[in-house]
Each structure stands twice: as C-alpha cells, then as structure tokens.
Amino acid sequence: MLTITRALYDKIVAHARADHPDEACGVIAGPAGSDRPERFIAMTNAARSPTFYEFDSTEQFRVWREMDDRGEEPVVIYHSHTATGAYPSRTDINLAAEPGAHYVLVAAWNENAIEFRSYRIADGEVTEEPVTVVE
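Residues numbered from 1 in each chain as written. Predicted model: local features only at pLDDT ≥ 70, side-chain atom pairs only at ≥ 80, totals over all residues. Heavy atoms only, no water.

Looking now at the environment of leucine 95. Within the secondary structure, leucine 95 sits in helix H3 (residues 90-95). Exposure remark for leucine 95: the relative accessible area of 54% places this residue in the exposed category. The spacing of leucine 95 and glutamate 54 is 41 residues in sequence and 9.4 Å in space, taken between C-alpha atoms. (Helix = DSSP H or I, 4+ residues; strand = E, 2+ residues; numbered from the N terminus. Buried < 20%, exposed > 50% of the residue type's maximum accessible area, 1.4 Å probe, protein only.)

Along the polypeptide, isoleucine 41 turns up in strand E3 (residues 39-43). Note on isoleucine 41: relative accessible area 10%, which makes it buried. When the C-alpha positions of isoleucine 41 and cysteine 25 are compared, they lie 9.1 Å apart, and in sequence the two are 16 residues distant. Once residues within four sequence positions are removed from consideration, isoleucine 41 is found in contact with Gly26, Val27, Ala29, Val63 and Tyr78. (Contact = heavy atoms within 4.5 Å.)

This paragraph deals with the side chain of histidine 102. Note on placement: histidine 102 falls in strand E5 (residues 102-110). Its relative accessible area of 0% is what places histidine 102 among the buried residues. Polar contacts involving the side chain of histidine 102 include one to the side chain of arginine 120, which spans 3.1 Å. Residues within four places of histidine 102 in sequence aside, it is in contact with Met1, Leu2, Asp35, Val75, Val76, Ile77, Ser118, Tyr119, Arg120 and Glu129. (Polar contact = N/O pair within 3.5 Å; in protein donor to acceptor, adjacent residues only side chain to side chain.)

Below, the discussion takes up the packing of aromatic side chains. Using the criterion set out here, one finds 5 aromatic pairs in the structure. Each ring, one from phenylalanine 40 and one from tyrosine 78, has its centre 5.8 Å from the other, and the planes form 15 degrees; the classification is stacked. Placement of the pair is phenylalanine 40 in strand E3 and tyrosine 78 in strand E4 (residues 72-80), with a sequence separation of 38 residues. Owing to a relative accessible area of 23%, phenylalanine 40 belongs among the partly exposed residues under this scheme. Take tyrosine 78: its relative accessible area is 1%, and that puts it in the buried class. Pairwise contacts between aromatic rings join Tyr53, Phe55 and Trp64 into one cluster. (Phe/Tyr/Trp six-rings, centres within 6.5 Å; stacked < 30°, edge-to-face > 60°.)

In structure tokens:
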C-alpha cells in the first residue's frame, strides 16, 4: 500500500497538468528503507513526448547521487498518461528498474476526473496497490 500526503499528491497532479500535452515524470524520495515518500522531485521528460517519458540521464545521475548523499531512495517514481488511463504500458513495465519503488501513474488530462494509481513492478509483473492520501 502507498501512503502519501495530500501535498505530495497535489504536486504530482499539478506537474501532470502543467506538462500536458507531454508526459510529466519525477520521483518522491524518502529515507532509505522507510517506504515513506517525503521529498518531491519533478524531473525533465527528455523525450518531450505525449506517449513516452524518459528521465534526462544527467539529471537522473545528479538526483540519484543526491539521494545517496542524503540517505534516501526513490520511494515513488511517477509519470502521467496524457490521453489514456493510469495503467502501465508495456514500455513502462520493461523500463521499471526500481523493484522496491511505488510506480504511480496519473491521468489528469480530464479536468473533471483524476486517475491516481500505484503499482509495484518487479520482473515484468505488475501488481496494483491501494493508495491512501493523508493530510
């Protein structure tokens, strides 16, 4: 189960809407081993695509090094879908490289409805998990 604060939830949704029509992507870091998302890090979608996201390699190296230096890990890796539901694509599944992370997908392109879903992805297996938003 993913437990996330309302503030972090709102930041992910705002990032998805701001980058639309391209996919938005980023990370929420937390203390290593805690499974507690705490620090929001919006990343650049180097692909600048409405159907694909890719972290900028230089930025990713810097962010992962910073997390290591701070004793953090990527607790949540998120991205948006711009015209489809919030379910991992085959590409998303193939590129999932952090088996301990919560993979959040948000479909916020419809002003009247937000889909915010979380998955565990390991060895090509996708398992949806409940999301609890806390104040």
